[in-house]
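Observations on the three-dimensional arrangement
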Amino acid sequence: MSVKSFRVAINEALDHEMGRDPRVILIGEDIVGGHGGSANNPGAGGGIMGITGGLFQKYGPDRVIDTPISESAIIGSAAGGALTGLRPVAEMMFADFLGVCFDQMFNQAAKFRYMFGGQASTPMVVRCMTGAGFGAAAQHSQALWPIFTHIPGLKVALPSSPYDAKGLLISAIRDDDPVIFMEHKVMYDDEGEVPDEAYTIPLGEANVTREGDDVTVVAFGRMVQFANKVADKLAGEISLDVIDPRTTSPLDTEVILESVAHTGRLVVVDEANPLCSLASEVISRVAEEELGSLLAPPKKITAPHTPVPASPVLEALYVPSQEKIETAVRELMNG
Amino acid sequence: MSVKSFRVAINEALDHEMGRDPRVILIGEDIVGGHGGSANNPGAGGGIMGITGGLFQKYGPDRVIDTPISESAIIGSAAGGALTGLRPVAEMMFADFLGVCFDQMFNQAAKFRYMFGGQASTPMVVRCMTGAGFGAAAQHSQALWPIFTHIPGLKVALPSSPYDAKGLLISAIRDDDPVIFMEHKVMYDDEGEVPDEAYTIPLGEANVTREGDDVTVVAFGRMVQFANKVADKLAGEISLDVIDPRTTSPLDTEVILESVAHTGRLVVVDEANPLCSLASEVISRVAEEELGSLLAPPKKITAPHTPVPASPVLEALYVPSQEKIETAVRELMNG
Amino acid sequence: MEPNKDQLLKAYRIMKTIREFEARIAKEFEAGTVPGFTHLYMGQEAVATGVCMHLTDADAISSTHRGHGHCIAKGCDVRKMMLELFCKRDGTCKGKGGSMHIADISKGMLGANAIVGAGAPLAVGAALSAKVQKNGNVAVAFGGDGATNQGTVFESMNFAVVLKLPLIFAIENNGYGEHTGIDYHLGSGDLTSRTAAFGMPAVKVDGTDFFAVYEAVGEAVKRARNGEGPSAVECVAERWRGHFEGDPQTYRNLDEIKELQEKKDCLKKFRDVVVTKKKWLKAAELNAIDKEVLELIDSSVEEALAAPPPAPEDLTTDVYTSY
Amino acid sequence: MEPNKDQLLKAYRIMKTIREFEARIAKEFEAGTVPGFTHLYMGQEAVATGVCMHLTDADAISSTHRGHGHCIAKGCDVRKMMLELFCKRDGTCKGKGGSMHIADISKGMLGANAIVGAGAPLAVGAALSAKVQKNGNVAVAFGGDGATNQGTVFESMNFAVVLKLPLIFAIENNGYGEHTGIDYHLGSGDLTSRTAAFGMPAVKVDGTDFFAVYEAVGEAVKRARNGEGPSAVECVAERWRGHFEGDPQTYRNLDEIKELQEKKDCLKKFRDVVVTKKKWLKAAELNAIDKEVLELIDSSVEEALAAPPPAPEDLTTDVYTSY
Ligand SMILES: Cc1ncc(C[n+]2csc(CCOP(=O)(O)OP(=O)(O)O)c2C)c(N)n1
Ligand SMILES: Cc1ncc(C[n+]2csc(CCOP(=O)(O)OP(=O)(O)O)c2C)c(N)n1
Ligand SMILES: [Mg+2]
Ligand SMILES: [Mg+2]
């Protein structure tokens, strides 16, 4: 156990699983370092964010594979590879690039098992960067987990800490279904305790990051950090039950419903766009199942229904903030 | 005014707008008849469903354009054309094909206006077939409007009758934003009164197809027909307020909230998959805004979280049914 | 690389099975017993056969919406296929896939595919799998002329060359993509040279001539197994039926088809070579196969018609391995 | 098709403006005043310039993540561009687009684009628009070597040939796609011949030689305006900077760059031709431009640094024309 960054936690998860299972391979753009694993290439940087650094050197050119800029072929490689004995981990760099390879995920990998009547399993992971806060503008900052969550056949993991990143990624790689693994780009340098050895966090089990009695705050991904800070700030005054679902598909509604049954108040915080979002999903489930427990109307804190602006000033307003969470919590207590 | 099919209603809308505005062009696979408008081609069938029949003969090869099987180039044609003076109507045949050209819609057309600081408008329509009930299986039967609704910058129309199809399509073509126009394939032969002349139905205005006091039923697309039938069947016993939002983006929540304020009971019927769906969206809005009016937990009737099965037996179970709507309504009244 | 007698009999049996399977489906579709969309392979039988005769169950193929022939050639159980086309519970895919998604992973048949061009990236994946696992397997991406204009197919071609994958692109030029003729949809005029420009050997053969396909693909498979990378074979074999069953084909002069059936029937041409010209087989041997095939198809259809549909609880199974 | 004196002065001014714009952005980025991702065009100035000198404001271009040079060459206001790069309210895109989405529709600059390969289909649309409206306009799709492996680009090539669109593919081969060398990512070894195989004229030129680019693109634009369809010009001009600012370039021998700056500097080469060899212009004329350009850049940056950011209410405007 030692303090490690989110980046290192991911690298360790990949390293553990590659060491453990020869069927695990990595494929993506520049993940070796840009020259596809010529053994004498001096700079194998491990992708533009350095996440896969060192793995090519350790596992060689057959298992860490640089590709042309052809995302459909990358995801196809993973999906077709998964049907034929591999457990590929594809890197899509930015989740926003899903647009050029969406079919391979949503009509192919996600649906094989069902279309083929249970014959197939498709053990693959697609790692991608998500989220705003980097000044990366409309096409490099999106959340997009609502879209993947909507699609039957996919699983979606959304780690909020280095510890969760490692454990969820190991679970995702060992899982026999296609998993979209979303890494918030602003969190790569976040640090936290991460065990050196391999460990798993089950997909579909929420984590209660703060226990409390007054207001349930369901937060996704990076927003968990904000919610925790608000909980800590308000401690003694208002007590928050902060729930990090950790995966949006499967979504652990049980923990959420139990919490709302206890607190009677709900805030959902998500940096994705609002329409047909996880925030809507969570609130609708609570309305269906725990209507009687609600002491006040639930509150949604999401990005607005707009693309992500380039301007950092606007971007800061785009992303939900601790202030907004705090205000919502106070309104619920006073309403 | 005369009785016309959904198919004819759409053809008429296209015809009116092409006649009215030379900037309106049609582009897609086989929409001429497969040989790209060689004037002496005997069979210009107008697409595999015959929707665009006769338009090539009337408007010629520059305005009704057959293409290779290259959906990204088709949607790019529409988006790039829209930026440079055209008002293209692209046909994507099946909405399911969005996967191979999703980027052009969600990162390009949808975001131009915002990314370019309001300089651009992108007047384009993407027509596509949606929905189950045709035995067309997992990759030709999807609903997908939740995905498009999630994306800021897109508008989404979902006509439930021949009358609405014509009026909404004319509005969509005259609209300066990109509109996804979703035609339910099972409805092409539905008939209804459709005026001969051009008329518009505003995007974002719900239609109350049945007025009632006991239960609000919000239904989307083809499900409106089912909801109407249930309303008619239960008339005298339970009185349903059936709301057809007609567009899912913008979504007319006002009419829904008013109705629920009046009835206190809500059923949402949607043949899309359930997670992060319009059903979730509607229920969450009601919970946020009209919690106090709800006499009972709202109910969702959607497809299950599965791909669409090929078997017609299973497909019939997949799609929400009148029976399910009736049961939900009765449960609400008895709960 | 001449096929031996067993192989000839096998090839004939496959082609004949495909022909009769499809002919019968056409009838059943008209009768309304087969649900959904169905695209038939008649006229192209020699392609799937000439390709798959080189493959083992461990080799993988990705297929298309017009996939019945690929299934049969790859060794899928015809009875289970028939059950699947009728969407019955004991079908290859439990009735959940139907004609457009029929698959048999155990036979290396990675699925018909209702998205044009989507099979190519999947075959890339299968070929990559073989390369990584160093098991000597190869993969074949079947795809139509129309599909070659889909971005995914182009990407797959360059990708396979860059990674030197054991992959064969079996391009079936049947003259049309849906209603659109290749004379219209192909800007370059020639598919084989466009493919070769991606940096792999590409040849064009008569797709109604089993021997031509067999030979060209044999070379390509040999290269692939030797670690020499991908190749492409364009097989020209025009479509006998409409794009899908029910297509009125107003875009086509129907006399075309009569002529094809006279001059471009792969079964006739095969018989002509093996019985008449080369005298490798006797007509009686082939006639016996004809009879067996017809019986197989008949009994398969009978069985399929009588078989039970999926059970209601099947609706929600097989989405995930765990959830 | 030799440029006249005014054109020569204009070309030089554009190239120099791009060079200094980028050099200054590099500094500002390091200083932390420019937010987001920035990809610089240094080394490739002659390409955008040689292309856009043939275009009017009514002609459209689609651009890439490396789009500043395309903007300047297409006539976008440098002060407003600078404001945009600093994400200020009076920028070309009100500070909402930034470096990766900078656009000026009134100038026919349809936007930088952060999705590799996405510009090509948009240029197809612009070219189609010109064809349908019969206004004699043309469109140019700028795109990198790496982008040519994206399916959208291939689709656009065939599509443009089939529809005979007035479109020019300006392919900028700068040796790398991100960290990946073209020696690795291009299966065919040669980009121009792969492009030509789509059925259009394609030529390869030295992209650091303004005159070579200007001439080749001139031919292509003429063809397009004459209704003869699309063409492609591969312009070879290696990247001087990292992929994005901040890229440590560990994958590259940095001596490469020094050599490029000595031997492949389009400005030096241009001066060499017009001042030394052909004596079309005097050094003093160019030096005067240098001075003006530096002043323009300096004052633009000063203005941009001092300018106000977008107002909070701007966050939710410009999503729709009506909603
Ligand atoms: C992405 C996508 N676009 C369009 C279609 C509709 N479609 C189905 S088959 C087909 C024609 C395919 O032509 P080709 O590849 O030549 O195969 P063939 O039908 O001739 O066997 C089309 C356009 C589709 N299924 N998927
Ligand atoms: C679809 C997509 N894939 C990957 C990326 C990440 N990316 C940004 S620029 C780039 C390299 C592009 O190379 P090239 O086309 O040669 O342009 P250059 O950067 O050399 O100008 C990559 C891979 C992206 N932005 N979009
Ligand atoms: Mg074909
Ligand atoms: Mg490059």
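Because the structure is predicted, anything quoted here is derived from the model rather than measured.

Here we come to the pattern of salt bridges. Should their charged atoms come close, side chains of opposite charge can pair. As enumerated under the stated definition, the model contains 94 salt bridges over all chains in all. Two residues, R225 of chain D and D59 of chain D, come together in a salt bridge whose shortest N-O distance is 2.7 Å. With a gap of 166 residues between them, R225 of chain D in helix α9 (residues 210–225) and D59 of chain D in the loop between α2 (45–52) and β1 (60–62) connect regions that are remote in the sequence. Taken together, the shared-partner salt bridges connect K4, E12, K166 and D196 of chain A into one network.

This part is about the site of ligand 2. In the region of ligand 2, 22 residues are neighbours, and E71 of chain A together with H65, R66, A114 and N174 of chain D sit closest. Positioned at a junction of chains, ligand 2 has nearby residues supplied by chains A and D. Protein coverage of the free-state accessible area of ligand 2, which is 580 Å², stands at 97%. Looking at the shell around ligand 2 residue by residue, the class counts come to 9 nonpolar, 8 polar and 5 charged.

All names here are of chain D. Within the protein, D145 (OD), N174 (OD1) and Y176 (O) serve as the donor atoms for the magnesium ion (ligand 4), at 1.9 to 2.1 Å. In the primary sequence, the donor residues of the magnesium ion (ligand 4) line up as D-x28-N-x1-Y. Here the residue D145 occupies a position in the loop between β2 (139–144) and α6 (151–162), and Y176 occupies one in strand β4 (residues 176–177), the gap between them amounting to 31 residues.

Let's shift gears to the sheet that holds strand β11 (residues 240–244) of chain A. Sheets are built from strands that pair by backbone hydrogen bonding, the pairs being arranged parallel or antiparallel. Residue and element names in this part refer to chain A. Here we have 5 strands laid out as an open sheet, ordered β9-β11-β10-β13-β14, and mixed in their pairing. Every interior strand has two partners, whereas the edge strands, β9 (207–210) and β14 (299–301), have only one. Mean inter-strand twist for the sheet, computed between neighbouring axes without regard to direction, equals 25°. Pairing of strand β13 (residues 266–269) with β14, which is carried by 3 bridges, proceeds in the parallel orientation. Among the inter-strand pairings, V269 is bridged to a residue of β14, identified as I301.

A common way to express how large an interface is: the accessible area buried when the components associate. Taken together, the contact pairs 19 residues of chain C with 19 residues of chain D. Buried area between chain C and chain D, both sides added, is near 1,400 Å², and the carbon and sulfur share of it is 60%. At the junction of chain C with chain D, the criterion picks out 0 salt bridges. Linking chain C with chain D are 10 residue pairs in polar contact (both at pLDDT 80 or more), by the criterion used here.

Here the focus is the site of ligand 1. Around ligand 1, 22 residues are found, and the nearest of them are E71 of chain B together with H65, R66, N174 and Y176 of chain C. Around ligand 1, the neighbouring residues derive from chains B and C rather than from a single chain. A distance of 2.5 Å is found between a nitrogen atom of ligand 1 and a side-chain nitrogen or oxygen belonging to E71 of chain B. R66 of chain C has a polar side-chain atom sitting 2.6 Å from an oxygen atom of ligand 1. Contact with the protein chains covers 97% of the free accessible surface of ligand 1, which is 580 Å². Classifying every residue of the shell around ligand 1 gives 9 nonpolar, 8 polar and 5 charged.

Looking now at the environment of V267 of chain A. All names here are of chain A. The topology assignment puts V267 in strand β13. V267 gets classed as buried once you look at its relative accessible area, which sits at 0%. For V267 and E12, which are 255 residues apart along the polypeptide, the C-alpha to C-alpha distance reads 34 Å. With near-sequence residues (within four places) excluded, V267 lies in contact with V215, T216, V217, V218, K299, I301, A328, V329 and L332.

With that settled, the discussion passes to the relation of the copies chain C and chain D. One copy of the chain maps onto the other through a rotation about an axis followed by a shift along the same axis. When chain C is fitted to chain D, the best match, at an RMSD of 0.0 Å, comes from turning it 180° and sliding it 0.0 Å along the axis. Look at the turn and shift together and you get a two-fold axis relating the two. Closest approach to the rotation axis within chain C is made by the C-alpha atom of G151 of chain C, at a distance of 1.8 Å. Counting the interface residues of chain C, we find that 100% of their copies in chain D are interface residues as well, pointing to one common contact surface.

Moving on, we get to the coordination of the magnesium ion (ligand 3). Octahedral metal centres with six donors ideally show angles of 90 or 180 degrees, and tetrahedral centres with four donors ideally show 109.5 degrees. In the first shell of the magnesium ion (ligand 3), the protein supplies D145 of chain C (OD), N174 of chain C (OD1) and Y176 of chain C (O), at 1.9 to 2.1 Å from the metal. Y176 of chain C gets classed as buried once you look at its relative accessible area, which sits at 9%.

Turning our attention to the side chain of S259 of chain A. Residues and elements named next belong to chain A. Take S259: it is sitting in helix α9 (residues 253–263). On the basis of relative accessibility, which here comes to 5%, the residue S259 falls in the buried class. For S259, the side chain forms a polar contact with the side chain of T216, separated by 2.6 Å. Here the side chain of S259 touches D241 through a polar contact of 2.7 Å, side chain to side chain. Ignoring anything within four residues of it in the chain, the contact list for S259 reads T216, D241, I243 and G264.

Rules used throughout
Residues numbered from 1 in each chain as written. Chains lettered and ligands numbered in written order. Predicted model: local features only at pLDDT ≥ 70, side-chain atom pairs only at ≥ 80, totals over all residues. Heavy atoms only, no water. Salt bridge = Lys/Arg side-chain N within 4 Å of Asp/Glu carboxyl O. Helix = DSSP H or I, 4+ residues; strand = E, 2+ residues; numbered from the N terminus. Near = heavy atom within 4 Å. Areas by Shrake-Rupley, 256 points an atom, 1.4 Å probe, with all protein chains shown as cover. Nonpolar A, V, L, I, M, F, W, Y, C, P; charged D, E, K, R; others polar. Donors = N, O, S within 2.8 Å, 3.2 Å for Na, K, Ca; no water. Pairing = 2+ DSSP bridges. Axes fitted to C-alpha atoms, helices over the stretch in contact; angles between N-to-C directions. Contact = heavy atoms within 4.5 Å. Buried area = accessible area lost by both parts, 1.4 Å probe. Polar contact = N/O pair within 3.5 Å; in protein donor to acceptor, adjacent residues only side chain to side chain. Buried < 20%, exposed > 50% of the residue type's maximum accessible area, 1.4 Å probe, protein only. Least-squares fit on C-alpha atoms with pLDDT ≥ 70 in both.

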